[in-house]
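Coordinates in review
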Amino acid sequence: APAFAPVPAFTWTGFYVGVQVGAQFTDAAYVAPVLGIASRFRDETAVVGGVHVGGNYQIGALVLGVEGDFEGSSFSSRDNIAPFDRIDSDWQASIRGRLGFAIDRALIYVTGGWAYGKVETGLSA
């Protein structure tokens, strides 16, 4: 007779690596009272893409994890209104911890961490 092999229980423990691509939508407003501008709005869209890597460790239903990511961005905005007329964002990155509760293949979690990005503003010469 064939041996019975039980199906292993699902676990969130392990490491993962992935890629992502998406869009960045930005709505910004600034005030330049010296120039008599009450408010100026910018609506910009950019393509972002990058990599992420992380890992989880499951203890019973408790899941502990960490994840980091790095994305490049095509965000660039030009305007002829001071106080600045150029905004560029080349990249952004984050690292964060995760605390979760597993219910089979569902994971309910909270996350928090640190994010950083390169944003430049200035006047075009």
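These remarks concern the structure in this document. Everything quoted here is computed from the prediction, not taken from an experiment. (Residues numbered from 1 in each chain as written. Predicted model: local features only at pLDDT ≥ 70, side-chain atom pairs only at ≥ 80, totals over all residues. Heavy atoms only, no water.)

**Examining the side chain of E67**
In plain terms, the rule: Runs of E in the DSSP output that reach at least two residues are strands. Runs of H or I that reach at least four are helices, and both are numbered from the N terminus. For every residue, the accessible area obtained with a 1.4 Å probe (protein chains only) is divided by the maximum for its type, and the residue is called buried under 20%, exposed over 50%, and partly exposed between those limits. Polar contact is defined as a pair of N or O atoms within 3.5 Å, subject to the rule that within protein one atom must be able to donate a hydrogen and the other to accept it, and that residues adjacent in sequence are counted only when both atoms are side-chain atoms. Should any heavy atoms of two residues lie within 4.5 Å, those residues are considered in contact.
Checked against the element boundaries, E67 lands in strand β3 (residues 62-78). Exposure remark for E67: the relative accessible area of 13% places this residue in the buried category. Reaching out from E67, the side chain makes a polar contact with the side chain of Y16 at a distance of 2.5 Å. For E67, the side chain forms a polar contact with the side chain of R96, separated by 2.4 Å. Each residue touching E67, except ones within four places of it in the same chain, is listed here: Y16, H52, V53, G54, S94, I95, R96 and R98.

**So, the pattern of salt bridges**
Just so we agree on the cut-off: Definition used for salt bridges: Asp or Glu carboxyl oxygen within 4 Å of a side-chain nitrogen of Lys or Arg.
For the structure on display, the rule yields 4 salt bridges. The closest approach of N and O atoms between D69 and R96, which form a salt bridge, is 3.0 Å. With a gap of 27 residues between them, D69 in strand β3 and R96 in strand β4 (residues 86-103) connect regions that are remote in the sequence. Here the residues in one salt-bridge network are E67, D69, R96 and R98, joined through shared partners.

**Focus on unusual backbone geometry**
A positive phi is found at D104, a non-glycine position, where the angle reads about 55°. Inspection of the secondary structure puts D104 in the loop between β4 and β5 (106-122).

**Describing the packing of aromatic side chains**
Our working rule: Stacked, edge-to-face and tilted are the three classes for Phe, Tyr and Trp ring pairs, Trp counted by its six-membered ring, which pair at centre distances within 6.5 Å; planes under 30 degrees apart are stacked, over 60 edge-to-face, the rest tilted. Charge-over-ring contacts are defined here by two conditions on Lys NZ or Arg CZ: a distance within 6 Å of the ring centre and an angle within 35 degrees of the ring normal.
In the structure shown here, the tally under the stated rule is 4 aromatic pairs. Taking 5.7 Å as the distance between ring centres and 25° as the angle between the ring planes, the aromatic pair formed by F70 and W91 counts as stacked. You can see F70 sitting in strand β3 and its partner W91 sitting in strand β4, a full 21 residues away along the chain. In this structure W91 comes out as partly exposed when scored by relative accessible area, which is 26%. Through a chain of ring-to-ring contacts, the aromatic side chains of F70, W91, W114 and Y116 assemble into a single cluster. For the cation-ring pair, R98 lies above Y109, with the distance from its terminal atom to the ring centre recorded as 5.1 Å.

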